[in-house]
Amino acid sequence: MTDSVLKKEMHDLDESDIKPGDLKDLTKKQQALLVASNTGAWEYFPKENLLECNEVYFSILGRDFKDFYNSKTKSLDNSWVELIHPDDRPDVVASFYDYLVNPKGMFECFFRMQHANGSWVWICSRGGALKDKKTGKVTSLIGTHIDITRQKMAEEDIQRERILLRTLIDNLPDTIYVKDNEGRKIIANKADVACIGRESEAEVIGKTDIELFPNEIGERGYQNDMEVLSGKAILNKEEFFYDQTGKQRWLSTSKVPVYDKSGKIDRILGIGHDITERKHQDEALKKLNEELNAQSEELKALNEQILQQKEQELEKAIAQGKFEIASEVLHDIGNALVGFGSYLNRINRVSEKNSLDAIKNLNIFLKGQQTLIGNAIGTDKANALVAITEGIGKTQIEHQKEVSTSVGELLHIVSHIQEILNIQRQLVRNHGASHERKPVNIVDLLDNCRSMLLASIEKKGIKLSVSIKPGNHTIKGDHTKLMQVILNVMKNSLEAIDTESEIKHMSVTLESTETHLELKVVDNGHGFDKETSQKFFQRGFTTKKSGTGLGLYNCRSIVESHAGTFDITSEGPGLGTITTIKFEI
């Protein structure tokens, strides 16, 4: 017999429907069923205040059925009320008598009863009223007692665990929450409530992020919830929000879907870790790194400036030493040239006072005495002697002309060298001066440089063409340094031309506009590739075996110090070089 059938029978049964024999049979079936299910049965007769119970009723409590029916009356108090826990007794008894007065539906109550060993047994008591059909009065209440101690203990354990878990999550600094399948909050710990800016959990339960954050933050959170409900977990997503004071804060949020027994998603479990402090530290670290980088760049620039200053000082010292040596050398060379010129003039004077006149007189004498000499030594010998003296005279004249020409050329070379020395002496004298910027005629500089290099140009057989177009060729600058630049550029072109080349050509072009002056030096020398061109202005780089790598670097520095530009190009190895210098007028 099922519990629902038993309930129906207890609800519909009355004394007029049961015959004595049928009642006896029904009672046996009920008793067997109750014993088999370990269910205690009771029946209360209000008129007699009599409570009848089966053996299971008392065995649940570790008591003997006979102890109550042999030595005590079957009263409600002795068999039931006195065994109820004192804390539960008032409510249970009141509920029982209320049902007795107004027996609607079923009577159901949960309470503790004392076991024989002193412990307490949780009882679930259910029952129904039996009425007289004729009078409608309750003749008795009949019901069952079921031991639910284990169930209650399990519920208490679960409740205790829930309390512990809730205590734990409420005291964690991270936000922890659960949402239903529509994104509404059903659990929110204290941190989450505070994060939302509310006072209690009740204020956030049943609301979505859109309702809790009526701005783009709420919309973003709601869209994330919908993604999670579609099965996509969100892990460690950094997102910002504004607290109740309006201050921006950051959370590292993780949201995962929770599945029910059927495999459907019905919950969202979320946790958020406050990373605001870390964000602030990251920002501070980033700012510090930027400041350190800026300071590093400043230190780097300062270091480069110091190195450049040291290099300039070193170059200045080297240059000073060079000019001191050059001054002494030029002085010695000048003295030597003076002596050499004197010797040449002496040779020239001596050569002019040679025996040419004596040879001429001898030739005249021999011709006058040719007949007598012929009679003495023979005509043929006399003729030969006259011819020899005439030849010696002619040869002597030619030698005299050649010596005079050679001496004249040597004197001219000496004069040219002395001119070069005078220019060099001027450069040496001007070195170390303040180099005041004064008008400098570039044409004059070109003439001086060409004079210095003319001997080398002629020696290598280079065809030099100079084209100076009409215009203003004067700029304000340092005469010595500008001459150093032009001389270095022309010297580089001179050295770049191969002596063995069939065609050796170098051209210098100078032209000006209203605003600029341009000097261009072109040669058909070695040229260079693109990779080499990128290194020309690096300090120390050189393509010469004996070069220092300072020439072009210094040239560009000097030109740039005059607000000019210095450029050197080539179409490739073997295709010559074009050097262009521009100055503002």
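Conventions and cut-offs
- Residues numbered from 1 in each chain as written.
- Predicted model: local features only at pLDDT ≥ 70, side-chain atom pairs only at ≥ 80, totals over all residues.
- Heavy atoms only, no water.
- Helix = DSSP H or I, 4+ residues; strand = E, 2+ residues; numbered from the N terminus.
- Buried < 20%, exposed > 50% of the residue type's maximum accessible area, 1.4 Å probe, protein only.
- Contact = heavy atoms within 4.5 Å.
- Pairing = 2+ DSSP bridges.
- Axes fitted to C-alpha atoms, helices over the stretch in contact; angles between N-to-C directions.
- Disulfide = S-S within 2.5 Å.
- Core = buried A, V, L, I, M, F, W, Y, C linked by side-chain atoms within 4.5 Å.
- pLDDT = per-residue confidence, 0-100.
- Expected span 1.5 Å × (residues − 1).
- Arc of directions from axis to C-beta.
- Polar contact = N/O pair within 3.5 Å; in protein donor to acceptor, adjacent residues only side chain to side chain.
- Patch = residues over 30% accessible without salt bridge, like charges linked within 9 Å, V, L, I, M, F, W, Y side chains within 5 Å.
- Areas by Shrake-Rupley, 256 points an atom, 1.4 Å probe, with all protein chains shown as cover.
- Salt bridge = Lys/Arg side-chain N within 4 Å of Asp/Glu carboxyl O.
- Phe/Tyr/Trp six-rings, centres within 6.5 Å; stacked < 30°, edge-to-face > 60°.
- Lys NZ or Arg CZ within 6 Å of the ring centre and 35° of its normal.
- Parallel < 35°, antiparallel > 145°, perpendicular 65-115°, else oblique.
- Left-handed = near helix turned anticlockwise from the far one by under 90°.
- Nonpolar A, V, L, I, M, F, W, Y, C, P; charged D, E, K, R; others polar.

1. A word on the overall build of the chain
Part 1 of the argument: Scanning the chain from terminus to terminus reveals 18 helices and 17 strands.
Part 2 of the argument: Classification of the 585 residues of the chain by burial places 33% in the buried group.
Part 3 of the argument: Counting contacts in the chain only where the partners sit at least 6 residues apart, residues at least 24 apart contribute 56% of the total.

2. What about the sheet that holds strand S17 (residues 577–584)?
The strands making up a sheet associate through hydrogen bonds between their backbones, and the pairing can be parallel or antiparallel.
Part 1 of the argument: The five strands are arranged S12-S14-S15-S17-S16 in an open sheet whose pairing can be described as mixed. Strands at the two margins of the open sheet, each flanked by one partner only, are strand S12 (463–468) and strand S16 (565–569). Each strand of the sheet is rotated relative to its neighbour by a mean of 10°, with strand direction disregarded.
Part 2 of the argument: Bridge count for strand S14 (residues 505–512) against strand S15 (residues 516–523) is seven bridges, and the pairing is antiparallel. Paired with Thr509 across the strands is Lys520, a residue of S15.
Part 3 of the argument: Sheet strands in contact with helix H16 (residues 479–496) are S14, S15, S16 and S17, and its direction is about 25° off that of S15.

3. Quick look at the state of the cysteines
Part 1 of the argument: Taken as a whole and assessed by the stated rule, the structure comprises zero disulfides.
Part 2 of the argument: Cysteine Cys124 remains unbridged, with the sulfur of Cys109 as its closest cysteine sulfur at 8.9 Å.

4. Things to note about the environment of Phe58
Part 1 of the argument: Counting through the fold element by element, Phe58 comes out in helix H3 (residues 55–59).
Part 2 of the argument: Each C-alpha atom, one on Phe58 and one on Phe68, is 9.0 Å from the other, the two residues being 10 residues apart in sequence.

5. Observations regarding the nonpolar core
Part 1 of the argument: Of all hydrophobic cores here, the largest spans 37 residues; its most connected members are Val485, Ile486, Phe566 and Ile581.
Part 2 of the argument: Mapped by element, the contributors of at least two residues to this core are helix H15 (442–460), H16, S14, S15, helix H18 (551–561), S16 and S17.
Part 3 of the argument: Core analysis: the next-biggest nonpolar cluster, separate from the first, contains 28 residues, Trp42, Tyr44, Leu83 and Ala129 among them.

6. Overview of the confidence of the model for the chain
Part 1 of the argument: Chain-level pLDDT for the chain is 81 on average; 78% of the residues reach the 70-or-more range.
Part 2 of the argument: Overall, residues 1–26 carries pLDDT values under 50, and its contacts beyond four positions in sequence, including any with other chains, amount to 26 contacts.

7. Observations regarding helix H10 (residues 216–229)
Part 1 of the argument: Relative to the 20 Å expected for 14 residues at 1.5 Å per residue, H10 spans 20 Å between its end C-alpha atoms, a close match to the ideal helical length.
Part 2 of the argument: Looking only at H10, the buried set comprises Ile217, Gly218, Gly221, Asn224, Asp225, Val228 and Leu229. Seen from one end, H10 has its buried residues packed into an arc of 140°, which puts them on one side.
Part 3 of the argument: Lining the buried residues of H10 we find strand S6 (175–180), helix H9 (209–212), strand S8 (234–242), strand S9 (248–259) and strand S10 (265–274).
Part 4 of the argument: Where H10 begins, one side-chain oxygen reaches toward the backbone nitrogen of Ile217, 3.0 Å away; that side chain belongs to Asn215.
Part 5 of the argument: Looking one or two places after H10, you find Gly231, whose phi comes out positive at around 110°.

8. Considerations on the side chain of His85
Part 1 of the argument: With respect to the helices and strands, His85 occurs in the loop between helix H5 (76–79) and helix H6 (89–101).
Part 2 of the argument: Looking at His85, its side chain comes within polar contact range of the main-chain nitrogen of Asp87, at 3.0 Å.
Part 3 of the argument: In this view, His85 contacts Arg112 and Trp120; residues no more than four positions away in its chain are not counted.

9. What about a nonpolar patch on the surface?
Part 1 of the argument: Residues Leu165, Leu168 and Leu172 make up a contiguous nonpolar surface patch of about 270 Å² in total accessible area.
Part 2 of the argument: You can see Leu165 is positioned in helix H7 (residues 149–171).
Part 3 of the argument: Taking the relative accessible area as the measure of exposure, Leu165 reaches 51% and is therefore exposed.

10. Some remarks on the packing of aromatic side chains
One pair of aromatic rings is described through two measures. These are the centre distance and the angle between the planes.
Part 1 of the argument: This structure, assessed with the given rule, holds 11 aromatic pairs.
Part 2 of the argument: Residues Tyr44 and Phe96 carry aromatic rings whose centres are separated by 5.5 Å and whose planes lie at 70° to one another, so their mutual orientation is edge-to-face. With Tyr44 in strand S1 (residues 40–45) and Phe96 in helix H6, this pair connects stretches of sequence that are 52 residues apart. Exposure class is identical for Tyr44 and Phe96. Each is buried.
Part 3 of the argument: Directly above the aromatic system of Tyr177 lies the positively charged group of Lys185, at a separation of 4.8 Å from the ring centroid.

11. Considerations on the packing of H15 against H16
Part 1 of the argument: One can describe the packing of H15 onto H16 by two numbers: an axis separation of 9 Å at closest approach and a directional angle of 30°. As far as their axial angle goes, H16 and H15 are roughly parallel. Both H15 and H16 take part in a crossing whose hand is right-handed. Within the contact between the two elements, H15 uses Ile442, Leu445, Leu446, Asn448, Cys449, Arg450, Met452, Leu453, Ser456, Ile457 and Lys460 and H16 uses His479, Leu482, Met483, Ile486, Leu487, Met490, Lys491, Leu494 and Glu495.
Part 2 of the argument: Across the contact of H15 with H16, the residue classes tally to 13 nonpolar, three polar and four charged.

12. A short note on the pairing of strand S2 (residues 50–53)
Part 1 of the argument: Here S2 shows one buried face, formed by Leu51 and Cys53, and one open face, formed by Leu50 and Glu52.
Part 2 of the argument: The turn joining S1 and S2, which pair antiparallel and follow one another in sequence, is formed by four residues; a positive phi near 50° is taken by Asn49.

13. Topic: H16
Part 1 of the argument: The end-to-end C-alpha distance of H16, which contains 18 residues, comes to 26 Å, matching closely the 26 Å that a straight helix rising 1.5 Å per residue would cover.
Part 2 of the argument: Within H16, burial applies to Thr480, Leu482, Met483, Val485, Ile486, Leu487, Val489, Met490, Ser493, Leu494 and Ala496.
Part 3 of the argument: Residue Asp478 occupies the N-cap position of H16, its side-chain oxygen lying 3.1 Å from the main-chain nitrogen of Thr480.

14. With respect to the sheet that holds S1
Part 1 of the argument: Strand order across the open sheet formed by five strands is S2-S1-S5-S4-S3, with antiparallel pairing between neighbours. The open sheet is flanked by S2 and strand S3 (107–114), the only strands paired with a single partner. Geometrically, the sheet is characterised by an average inter-axis angle of 25° between neighbouring strands, direction not taken into account.
Part 2 of the argument: Looking at chain direction, S1 and S2 are connected through four bridges and run antiparallel. Bridge pairing in S2 links Phe45 to Leu50.
Part 3 of the argument: Running over the sheet, H6 touches S1, S3, strand S4 (120–131) and strand S5 (138–147) and is turned about 150° from S3.
Part 4 of the argument: Where H7 meets the sheet, its contacts fall on S4 and S5, and the angle it forms with S4 comes to roughly 120°.

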